[in-house]
Amino acid sequence: MRSEWNEEKLQRYIKEGRGQGEFESYKGFIRVQDFGSVGRSSRLRTWRCNRIVHLLSDIETRFFYLTEFDDSILQVKEHVPLYDFEEVVGEQEDIDIRKFKDKQSGFPYILTTTFLITVRGNDGNTYDVARSVKASHVLERKAVIERFELIRRYFWKKGIDWALLTQKELPIVKAKNIEWIHPARFLEETTDFTKGDISYISGILLESLYKNKRPVREITSSVDSQLNLEAGSGLLLFKHLLTTKQIKIDMNKKIELNQSAEVLEIVPQERQGEIKIAIDR
């Protein structure tokens, strides 16, 4: 249940630096502990920097996973407040922004976009895109539609590309694949493996996977036995190789460990980092 929103709370948020900062220093305007959510909330460490991202629903989390795997993206800010909305957009004749207020205090809410994403284009230049994500059934409410229309007008005035996405526009299989491998990125921090261990075992696993017709699961288990590792270690390193893009697989299809390793592509060092996922509408 939401607590009352008022001037005192807004000033506290601003003082805390919410909605401010870049990369590691950025703090989302909304935190998991602030509000309940209909879906499952998540706190995830982003691959890009030492920061915890706060996500309030399944659809937010899935979209975030997609951005993690896109190397053209430099940073993702979640729950970005439009502090300067009135200055940028001004009064609107057809939508009364004053009605977006807390029912208890009468204090106006701060409009936010779910994500503000900094992207490096093919020409090397950087630019921002804004994405709001919401479950499709919520868009049946007039007040919700009006709120997103105000957000659209704000980013149009700012010259920033904005789009509203629902679960219908997201590649769910791809998002779930990334979710499955996501925790394996920083094994030196989450396991007893050292960087040297990871490099050594990864090298052996890559050699074992290369043009091998045996199932992936069988190969990873074989590496466990060969190196006297705890059961599941080879699979964990397989996930790590996917997160670091040392191996490539069709992420639009569910990753099946019983399939032949021939479906994998071992990515040469000079090509790592080139695999991208589009964030288009």
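Residues numbered from 1 in each chain as written. Predicted model: local features only at pLDDT ≥ 70, side-chain atom pairs only at ≥ 80, totals over all residues. Heavy atoms only, no water.

1. Topic: the confidence of the model for the protein chain
- Across the protein chain, the average pLDDT comes to 91, with 93% of residues at 70 or higher.
- Scored below 50 in pLDDT, residues 271-281 makes 34 contacts in the model with residues more than four places away or belonging to other chains. (pLDDT = per-residue confidence, 0-100. Contact = heavy atoms within 4.5 Å.)

2. Regarding the sheet that holds strand 3 (residues 73-81)
- Across the sheet, four strands lie side by side as 3-4-5-6; this open sheet has mixed pairing. Looking along the sheet, the strands with just one partner apiece sit at the ends: strand 3 and strand 6 (161-165). Going across the sheet, the axis of each strand differs from the next one's by a mean of 25°, ignoring polarity.
- Docked against the sheet, helix 2 (residues 58-68) engages strand 3, strand 4 (112-120), strand 5 (126-133) and strand 6, running at close to 5° with respect to strand 4. (Pairing = 2+ DSSP bridges. Helix = DSSP H or I, 4+ residues; strand = E, 2+ residues; numbered from the N terminus. Axes fitted to C-alpha atoms, helices over the stretch in contact; angles between N-to-C directions.)

3. Concerning the packing of aromatic side chains
- One pass over the full model with this rule turns up nine aromatic pairs.
- Each ring, one from W5 and one from F107, has its centre 6.4 Å from the other, and the planes form 50°; the classification is tilted. Of this pair, W5 sits in the segment before helix 1 (7-15) while F107 sits in the loop between helix 3 (85-89) and strand 4, and the two are 102 residues apart along the sequence. Taken as a pair, W5 and F107 share a single burial class, namely buried.
- Linked through ring pairs, W5, Y13, F29, Y83 and F107 together constitute an aromatic cluster.
- Positioned over the ring face of F186 is R45, at 4.0 Å from the centre of the ring. (Phe/Tyr/Trp six-rings, centres within 6.5 Å; stacked < 30°, edge-to-face > 60°. Buried < 20%, exposed > 50% of the residue type's maximum accessible area, 1.4 Å probe, protein only. Lys NZ or Arg CZ within 6 Å of the ring centre and 35° of its normal.)

4. Some thoughts on unusual backbone geometry
- Its identity is not glycine, yet F23 carries a phi of approximately 50°, on the positive side.
- Inspection of the secondary structure puts F23 in the loop between helix 1 and strand 1 (42-45).
- A positive phi is found at H79, a non-glycine position, where the angle reads about 50°.

5. Focus: the nonpolar core
- Among the nonpolar cores identified, the biggest contains 45 residues, and F115, I117, L205, L209 and F238 are the most heavily contacted of them.
- Residue contacts for L209: discarding those within four places in its chain leaves I219, F238, I247, A261, L264 and I266.
- V80, I95, F155 and I160 belong to the second largest nonpolar core, which has 19 residues in total. (Core = buried A, V, L, I, M, F, W, Y, C linked by side-chain atoms within 4.5 Å.)

6. A short note on the pairing of strand 5
- Pairing of strand 4 with strand 5 involves six bridges; the strand directions are antiparallel. What sits directly across from L116, in strand 5, is A130.
- Linkage of strand 4 to strand 5, two consecutive antiparallel strands, is achieved through a turn of five residues, within which G124 is found at a positive phi near 90°.
- By the bridge criterion, five bridges tie strand 5 to strand 6 in an arrangement that is parallel. Its bridge partner being in strand 6, S132 is matched across the sheet by L164.
- Each parallel crossover has a hand, and the one from strand 5 via helix 4 (residues 142-158) to strand 6 is right-handed. (Right-handed = clockwise from strand over helix to strand, strands pointing away.)

7. Side note on the pattern of salt bridges
- Using the criterion set out here, one finds 16 salt bridges in the structure.
- D34 is the salt-bridge partner of R18, the closest N and O atoms lying 2.4 Å from each other. In this pair, R18 is assigned in the loop between helix 1 and strand 1 and D34 in the loop between helix 1 and strand 1, connecting sequence segments 16 residues apart. Exposure class is identical for R18 and D34. Each is buried.
- A salt bridge links E149 to R153; its shortest N-O distance comes to 2.7 Å. (Salt bridge = Lys/Arg side-chain N within 4 Å of Asp/Glu carboxyl O.)

8. Observations concerning the packing of helix 8 (residues 216-226) against helix 9 (residues 233-243)
- The geometry of helix 8 relative to helix 9 is characterised by a closest axis approach of 7 Å and an angle of 120° between their N-to-C directions. With respect to helix 9, the element helix 8 is oriented oblique. Crossing hand, helix 8 versus helix 9: right-handed. Across from V216, T220 and D224 in helix 8, the residues of helix 9 making contact are S233, G234, L235 and F238. (Parallel < 35°, antiparallel > 145°, perpendicular 65-115°, else oblique. Left-handed = near helix turned anticlockwise from the far one by under 90°.)

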